Amino acid sequence: MVAIFPLAVLLLLLNSGTVQSTPFPVRVGVVVDMDNYVGKMGLNCITMALSDFYTKHGHYQTRLVLTKRDSKRDVVGAAAAALDLLKNVQVQAIIGPLSSMQAPFMIHLGNKSQVPIITFSASSPSLLSIQSPYFVRAALGDSSQVRAIAAIVQAYGWREVVPIYVDNEFGHGIMPFLADSLEKVNVRIPYRSVIPSFATDDQIVAELSMLMTNQTRVFIVHMRTTLGSRLFSKAKLLEMMSKDYVWIITDGMTNELTSMDQSAIEEYMQGVIGVKPHIPKSEELHKFKVKYKKEIQLQNPTNHDLDLNIFGLWAYDSAVALAMAVEKARIRNATFLKKANDSTTPTDLEGFGVSGIGTELIQALSSTTFRGLAGEFKLVEGQLESPPYQIINVIGAGARAVGYWTNDNGIVREINFAKSTKKTYSTSKSNIGFIMWPGDRKNPPKGWVTPTNGKKLRIGVPVKFRFFEFMHITWNSDNSTKVEGYCKDVFDMVIEALPYGVQYEYVPFATSDHKRAGSYDEFVYAVYQGDFDAAVGDVTIIANRSHFVDFTLPYTESGVSMVVPIKNDKNKNAWAFLKPLTWKLWLTSFCSFVFMGFLIWILEHRINEDFRGPLWHQVGTIFWFSFSTMVFANKERVISNLSRFLLIIWFLVVLILTQSYTASLTSMLTVQELKPTITDVNELIRNKETVGYHNGSFVLELLKGLNFDKSRLLAYNSPEDMHELFRKGSANGGIAAAFDEIPYVKLFLAKYCSKYIMVGPTYKTDGFGFAFPIGSPLVPDISRAILNVTEGKKMMEIEKKWFENDTKCADSSEFSSSNSLGIESFWGLFMIVGIAGVLALIIYVTSFLYENWHVVRPGSDAETTLATKSLVLVQRFNNKDLTCHTFKNYERRVNHNDCGCDCARIVMEPSNEYFHPSPSTFSQNSPGNNSPPSPISSSP
């Protein structure tokens, strides 16, 4: 028994070796259009792929055996071919079909039979919605390119695009994804152009002619080259390949540009841009291209279609991936579990079995990854992972790359395959190389124009009862209109500032009897409904209106303010003369006068008889001298240079103070002081006053939001109505205040500047703007033009034309501020006086102490106390300074030789040159007295 077991193992091993020498065949169907270039190319690439693969992997235990069927470019033909392969051949997988229209039915067949359906060219995103686990797209879905297209549109700032696509499964499948991507970058699709699959030339011309009547000039073309080449030929015929147009083609055409007629590309498609999957260069790819051309020439030497595009590469990679998956699944017995000739099946559609290896095969295929000819082969959710996209520009007979787009970095100039931690998504057009646009234009087109054969823009204008300065409509006898006003002139100037022409006409927002058709909110809503292409007038930008339209930047100042009457508060107070100066300035001035008088007295007391005498006489002199400087020159002369220096500065201060006081007092007594009757909004609400608002304005809702009672709100239509309501007053059916937008308020005050004033807080709004439909490409361009116009001189000319008297009234801040002069305006002068006075006093005291240093010198008299020394200094200060040049010193000796005695007497007389009689002189010479003048006794 022990000897038999090794022998059995040896027999099993021998048998296993015999099986390995014969690979297991796995039948695979191929369904393509045999007379189609892509079908022929795909079939050749599949055959060459299997040959290359098994040559390289000869040790594999499985072999794919191809069974080819022609779908005959028909949905029914593709379905019949697939049914035949499943029923009669019992294939384990099907490669095909070519088109997205043929795929849905085949996908259902594969799902029912559990046979993988592998397509290398059916790219419609809608195929994945069938949700069959047995459908594999070994190609890129059309949805993978929409973000790249949206990035290009965003980079150049185009706000509207029109997709032109074929009317079949291939064309419709991309639209939901394209629309979503464009919406995310704020790009609108105003119209979708659908071209029938078998459209005649006349149908194509008719559709393109209709597109010419629209404003949008950016077109995204999604169709195959057979129809696309005809489309561009007709566009060229209609002069739609000129400098104003932008044509973007999807990979439906870019992938097949090499198979198109080169002369057609040169003649019809110059300047077109597009996107296509990026195929990385490799040595294997280069060798295969050379081998493919040789193989095709061997098959048919007269065949000139030798170009290999990405569909051939995807077909090659599909076959390789399927061969790898079959080997990975270890398929040995590929059979159907159900007989095809089951008598219970009522139709041939149910007369096929279920693959016994389908589940294992699809799982193996989904996990297969390798580097193929078209790049990395990796399936994500049943289709190839999206690679970078190449941005191409059609020039000459081909296309050249001008940039790239990646999922992580957006638009880039070159692809960097090195892994980077920095991921910045860019949509900058600076990352795109030079593009030659249609019409040999070097600069990017604007993306839209107003066509000459299209309709003019209908610009709605409001009918106004008053305030004609902003907008005024006049009806002529033939029912034509003349529109004029500030808002109209600004809009005309802005349109002229655009870098392109825009045709438009003004259409009144009016009823048949030339009355206003509704409120301003209804006027704006008419733009939303499509009645107007824009709204121009005194339309305020507010939040609730922005839900229906897009506003441009404002062209006027913003805000809502309150207007109230002003009252005359002319000053008739008996103490009005004190008001020109504040109490602080009065006090400072008084102290400065006293300080200056006292300082001059100190400097002049010892050398000037005018500043000497009894105590109260000297006190009076101090006040008299300082205060009299305001009105006339002093009788008292000053001797000291320090005094003269101080008085020069003091006279300047007095001059400035007196002139300022005079001007302020004159203004107070002659000019009426106008004050608002009401300054607080809450006061109006508490007193239940009636207020007015501009009829038809949004201010009504604003006042309701401020808790005003609706019964206390009155509407007015003109400045005259507003003035009349103010004249009546709130108690007599009028108003106590009015709320309106600042432009209207200024216009009102220009007419009644002496009676009313703008007060209170300003409620923020965004001013007047032009309203356009949401997403209109005009909005950003007009906003930029508004900035250019408002910053220039032309805007000032327009304002001067319509609001020439707008600046006559003073601002309310002038009435609320005090007219009294404060110390803040003169503190510099007082500081100068103070510094000069202190400096002069220091110099004088230093000089006085120096002259009397023998009195205060330490050790001069040990018995003398400090108090005694101080008293001596005071006495010396109180005495005359006999050394001063103002006193004449002389010594007169009278020798009476005849009387026998000597009498010496020192007589001190004032010099007549520097001194004139003063009240302190004890005696004066009489005209008839020839005796010498009496001596002047100094004060003790």
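Residues numbered from 1 in each chain as written. Predicted model: local features only at pLDDT ≥ 70, side-chain atom pairs only at ≥ 80, totals over all residues. Heavy atoms only, no water.

- As annotated in an unreviewed UniProt entry, the chain carries the name Glutamate receptor and is attributed to Salvia divinorum.
- Looking at the chain in UniProt, the text filed under Sequence similarities (unreviewed entry) is "Belongs to the glutamate-gated ion channel (TC 1.A.10.1) family."
- The record in UniProt for the chain states the following under Subcellular location (unreviewed entry): "Membrane". (UniProt positions renumbered as here; feature names shortened; annotations may be inferred.)

Quick notes on the overall build of the chain
No. 1: The number of helices and strands found in the chain is 28 helices and 34 strands.
No. 2: Burial status across the chain gives 48% buried among its 940 residues.
No. 3: Here the contacts in the chain between residues at least 6 apart in sequence split such that 72% fall between residues at least 24 apart.
No. 4: Put simply, the chain shows about 47500 Å² of open surface, and 55% of that area lies on carbon and sulfur atoms. (Helix = DSSP H or I, 4+ residues; strand = E, 2+ residues; numbered from the N terminus. Buried < 20%, exposed > 50% of the residue type's maximum accessible area, 1.4 Å probe, protein only. Contact = heavy atoms within 4.5 Å. Areas by Shrake-Rupley, 256 points an atom, 1.4 Å probe, with all protein chains shown as cover.)

Topic: unusual backbone geometry
No. 1: Across the junction of Gly-96 and Pro-97, the peptide omega takes the value 0 degrees, indicating a cis bond.
No. 2: With respect to the element layout, Pro-97 can be found in the loop between β3 (93-95) and α4 (103-113).
No. 3: Within the chain, Asn-186 stands out as a residue other than glycine whose phi angle is a positive 60 degrees.
No. 4: Mapped onto the fold, Asn-186 is located in the loop between α6 (169-184) and β7 (193-195).
No. 5: Its identity as a non-glycine residue notwithstanding, Asp-440 has a phi of 55 degrees, on the positive side.
No. 6: Assignment of secondary structure puts Asp-440 in the loop between β17 (410-412) and β18 (457-462).

Focus: the pairing of strand β1 (residues 24-32)
No. 1: Both β1 and strand β2 (residues 62-70) contribute to a ladder of 9 bridges, which runs parallel. If you follow Val-28 over to β2, its bridge partner there is Leu-66. (Pairing = 2+ DSSP bridges.)

Examining the environment of Val-320
No. 1: Tracing the backbone through its elements, the reader meets Val-320 in helix α12 (residues 310-328).
No. 2: Along the backbone, Val-320 and Tyr-54 are 266 residues apart, and their C-alpha atoms lie at a distance of 9.5 Å.
No. 3: Each residue touching Val-320, except ones within four places of it in the same chain, is listed here: Ala-49, Phe-53 and Phe-370.

Digging into the side chain of Ser-193
No. 1: Along the polypeptide, Ser-193 turns up in strand β7.
No. 2: For Ser-193, the contacting residues outside a window of four places in its chain are Val-162, Pro-163, Ile-164, Tyr-165, Glu-207 and Leu-211.

Considering the nonpolar core
No. 1: Counting residues in each nonpolar core, the largest one holds 89 residues, and the members touching the most others are Leu-64, Trp-158, Ile-248, Phe-288, Trp-314 and Leu-322.
No. 2: Tallying contributions element by element places α12 first for this core, with 13 residues.
No. 3: If sequence neighbours within four positions are ignored, Trp-158 has contacts with Ile-152, Val-153, Val-187, Val-218, Val-246, Ile-248, Trp-437, Pro-445, Lys-446 and Gly-447.
No. 4: Core analysis: the next-biggest nonpolar cluster, separate from the first, contains 52 residues, Ile-473, Phe-509, Phe-768 and Ile-798 among them. (Core = buried A, V, L, I, M, F, W, Y, C linked by side-chain atoms within 4.5 Å.)

Looking at the packing of aromatic side chains
Both the distance between ring centres and the angle between the ring planes are used here to describe each pair of aromatic rings.
No. 1: For the structure on display, the rule yields 38 aromatic pairs.
No. 2: Plain terms: the ring middles of Tyr-555 and Phe-770 are 4.6 Å apart, the flat faces sit at 20 degrees to each other, and that makes the pair stacked. Taken together, the residues span a long stretch of sequence, with Tyr-555 in the loop between β23 (549-551) and β24 (560-568) and Phe-770 in the loop between β29 (756-763) and β30 (771-773) at a distance of 215 residues.
No. 3: With a centroid separation of 5.2 Å and 40 degrees between ring planes, the pair formed by Phe-748 and Tyr-752 is classed as tilted. (Phe/Tyr/Trp six-rings, centres within 6.5 Å; stacked < 30°, edge-to-face > 60°.)

Details of the packing of helix α16 (residues 583-604) against helix α26 (residues 827-851)
No. 1: Between α16 and α26, the shortest axis-to-axis distance is 11 Å and the interhelical angle comes to 20 degrees. Between α16 and α26, the interaxial angle falls into the category roughly parallel. Two packed elements cross with a definite hand, and for α16 against α26 that hand is left-handed. On the side of α16, the interface is formed by Leu-585, Thr-588, Ser-589, Ser-592, Phe-595, Met-596, Leu-599, Ile-602 and Leu-603, while α26 contributes Phe-830, Val-833, Gly-837, Ala-840, Leu-841 and Tyr-844.
No. 2: When the residues that make up the contact of α16 with α26 are grouped by side-chain class, the tally is 11 nonpolar, 4 polar and no charged. (Axes fitted to C-alpha atoms, helices over the stretch in contact; angles between N-to-C directions. Parallel < 35°, antiparallel > 145°, perpendicular 65-115°, else oblique. Left-handed = near helix turned anticlockwise from the far one by under 90°. Nonpolar A, V, L, I, M, F, W, Y, C, P; charged D, E, K, R; others polar.)

Some thoughts on the sheet that holds β17
No. 1: An order of β7-β6-β8-β9-β10-β15-β16-β17 is seen for the 8 strands of this open sheet, with the pairing classed as mixed. A strand with exactly one partner marks an edge of an open sheet, and here the two such strands are β7 and β17. Across the sheet, the mean angle from the axis of one strand to that of its neighbour is 30 degrees, orientation sign disregarded.
No. 2: Strand direction decides the pairing type here: strand β6 (residues 162-166) and β7, joined by 3 bridges, are parallel. Along β7, the bridge assignment pairs Ile-164 with Ser-193.
No. 3: On the sheet, α6 packs against β6 and β8 (218-222) and is oriented at approximately 160 degrees with respect to β6.

Looking at helix α7 (residues 201-212)
No. 1: For α7, with 12 residues, the first-to-last C-alpha span of 17 Å sits near the 16 Å given by 1.5 Å per residue.
No. 2: Among all positions of α7, only Ile-204, Glu-207, Leu-208, Leu-211 and Met-212 are buried. On an axial view of α7, the arc spanned by its buried residues comes to 150 degrees, and they lie on one face.
No. 3: Close packing links the buried residues of α7 with β6, β7, β8, α8 (225-237) and β9 (246-249). (Expected span 1.5 Å × (residues − 1). Arc of directions from axis to C-beta.)

Side note on α6
No. 1: Its maximal kink placed at Met-175, α6 deviates by approximately 30 degrees, while the proline Pro-176 follows within four residues.
No. 2: All of the buried residues in α6 are Phe-170, Gly-171, Gly-173, Ile-174, Met-175, Leu-178, Ala-179, Ser-181 and Leu-182.
No. 3: Residues of α6 that are buried make contact with α5 (146-155), β6, β8 and α9 (251-254). (Bend = angle between axes of the 7 residues up to and from the residue.)

Things to note about the pattern of salt bridges
No. 1: In total, this model carries 17 salt bridges according to the counting rule given.
No. 2: For Asp-35, the salt bridge goes to Arg-73, with nearest N and O atoms at 3.6 Å. With Asp-35 in the loop between β1 and α2 (37-56) and Arg-73 in the loop between β2 and α3 (75-89), this residue pair connects regions lying 38 residues apart in the sequence.
No. 3: Here Asp-489 ties to Lys-801 by a salt bridge, and the two come within 3.2 Å at their closest N and O atoms. You can see Asp-489 sitting in helix α14 (residues 486-497) and its partner Lys-801 sitting in helix α24 (residues 793-802), a full 312 residues away along the chain.
No. 4: By sharing partners, the salt bridges in this structure join Asp-201, Arg-230 and Lys-234 into a single network. (Salt bridge = Lys/Arg side-chain N within 4 Å of Asp/Glu carboxyl O.)

Concerning a nonpolar patch on the surface
No. 1: A cluster of nonpolar side chains, contributed by Trp-575, Phe-577, Leu-578 and Trp-586, occupies part of the molecular surface with about 410 Å² of accessible area.
No. 2: Mapped onto the elements of the fold, Phe-577 is located in the loop between β24 and α16. (Patch = residues over 30% accessible without salt bridge, like charges linked within 9 Å, V, L, I, M, F, W, Y side chains within 5 Å.)

Describing the side chain of Ser-592
No. 1: Looking at where Ser-592 falls in the secondary structure, it is placed in helix α16.
No. 2: With residues near it in sequence (within four places) discarded, Ser-592 still touches Trp-650 and Phe-830.

Considerations on the packing of α5 against α6
No. 1: As a packed pair, α5 and α6 sit with axes 9 Å apart at the nearest point and diverge in direction by 40 degrees. The orientation of α5 with respect to α6, classified from their angle, is oblique. Of the two elements, α5 crosses α6, and the hand of that crossing is right-handed. Together, Val-146, Arg-147, Ile-149, Ala-150 and Val-153 of α5 and Ile-174, Phe-177, Leu-178, Ser-181 and Leu-182 of α6 make up the contact between the two elements.
No. 2: When grouped by side-chain class, the residues that make up the contact of α5 with α6 number 8 nonpolar, 1 polar and 1 charged.

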